[in-house]
Each structure stands twice: as C-alpha cells, then as structure tokens.
Amino acid sequence: LVELVEAVVEAGTVRRYRCRCGCPVCICSKERVWDDDDGTDVTLDGVVERLEGTLWAGGSLDGVAATLRARGDAATRLLDSWAG
C-alpha cells in the first residue's frame, strides 16, 4: 500500500492489476497476472476512497489526499495518519 501511495503521489495515476487472490476489485499487482485483466487506473483519491470503505469501515479520511499531495514523503504521512 505504501508503495502504491508513493507511486500515485509522484505520477498522479498508475495502472494496477489483480493479484492471484482473484478478488474482482484487487489492485495489488504492478504487472498483469490474469489474461483478462486490462488493469485499473489508480489515483490517490481512489486509494483514499477504498480505505474509507474498508479499513475505516465507512469512516472519513478528510484531508488525507490533500496532505499527501501537498507534502513530501507520502508513505510517512500515510502511516502517521493511521497511527493517530
């Protein structure tokens, strides 16, 4: 997850693919694993939306995307937000 956040903060959008878990909404892999997987364009907003819907059980991460965009070291900022 940290690597993904760093990549989207740097590039804006990255293409990710399903891993071998087979989950239809998986974006774990940087490379195509399944022949029928065209990949998903992932943005920072998209990652934050996924986190709000899963890890935070519908909670809110207001401001996390803006903070990660505005400051360096995205991984540290994300981990700090989880800790506090």
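Our structure is the block above this text.
Just so it is clear, the model here is predicted, and its values are computed rather than measured. Counting restarts for each chain: residues are numbered from 1 in the order of the written sequence. With the structure being a predicted model, the display of local features is reserved for residues of pLDDT at least 70 and the display and counting of side-chain atom pairs for 80 or more, all residues being used for whole-chain, interface and lining totals. Side-chain measures were taken over the full set of non-hydrogen atoms in the model, leaving aside hydrogen atoms and water.

Observations concerning the overall build of the chain
Helix and strand counts for the chain stand at four helices and two strands. Numbered from the N terminus, helices here are DSSP runs of H or I no shorter than four residues, and strands are runs of E no shorter than two. Written out in order from the N terminus, the α and β elements of the chain read α-β-β-α-α-α. Only protein chains enter the accessibility calculation, which uses a 1.4 Å probe; a residue is then buried when its area is under 20% of its type maximum, exposed when over 50%, and partly exposed in between. Counting over 84 residues, the chain shows a buried share of 27%. Intrachain contacts of the chain at a sequence separation of at least 6 include 42% that bridge at least 24 residues. Each accessible area value is a Shrake-Rupley result obtained with a 1.4 Å probe; residue values ignore everything except the protein chains displayed when judging cover. Accessible area of the chain: about 5400 Å², with a carbon and sulfur share of 49%. Residues count as neighbours in contact if any of their non-hydrogen atoms are within 4.5 Å of one another.

So, the side chain of Asp-37
By the element assignment, Asp-37 lies in the loop between strand E1 (13–16) and strand E2 (40–43). Polar contact is the term for a pair of N or O atoms within 3.5 Å; when the atoms are in protein, one must be able to donate a hydrogen and the other to accept it, and sequence-neighboring residues count only if both atoms are side-chain atoms. Engagement of the side chain of Asp-37 in a polar contact is seen with the backbone nitrogen of Arg-18, the distance being 2.7 Å. Among all residues touching Asp-37, those that are not within four sequence positions of it are Tyr-17, Arg-18 and Arg-32.

Brief notes about the pairing of E1
Residues of E1 alternate between two faces, with Val-14 and Arg-16 buried on one and Thr-13 and Arg-15 left unburied on the opposite face. Sheet topology note: the E1/E2 ladder contains four bridges and is antiparallel. Pairing of Arg-15 across the sheet is with Asp-41, part of E2. By definition, two strands form a pair when at least two bridges between them are found by DSSP.

A word on the nonpolar core
Leu-4, Val-5, Val-8, Val-14, Ile-27, Val-42, Leu-44, Val-47 and Leu-51 together form the largest nonpolar core, which totals nine residues. Secondary structure elements with two or more residues in this core: helix H1 (2–11) and helix H2 (44–53). In this view, Val-8 contacts Thr-13, Val-14, Val-42, Thr-43 and Leu-44; residues no more than four positions away in its chain are not counted. Among buried residues, the Ala, Val, Leu, Ile, Met, Phe, Trp, Tyr and Cys ones that are joined through side-chain atoms within 4.5 Å form a nonpolar core.

Considering H1
All buried positions along H1 are accounted for by Leu-4, Val-5 and Val-8. Buried residues in H1, looked at end-on, bunch into an arc of 100 degrees, giving them a common side. The exposed set on the far side of H1, more than 90 degrees from its buried face, consists of Glu-10 and Ala-11. Downstream of H1 by one or two residues, Gly-12 has phi in the positive range, about 90 degrees. The directions considered for the arc run from the helix axis to the C-beta atoms.

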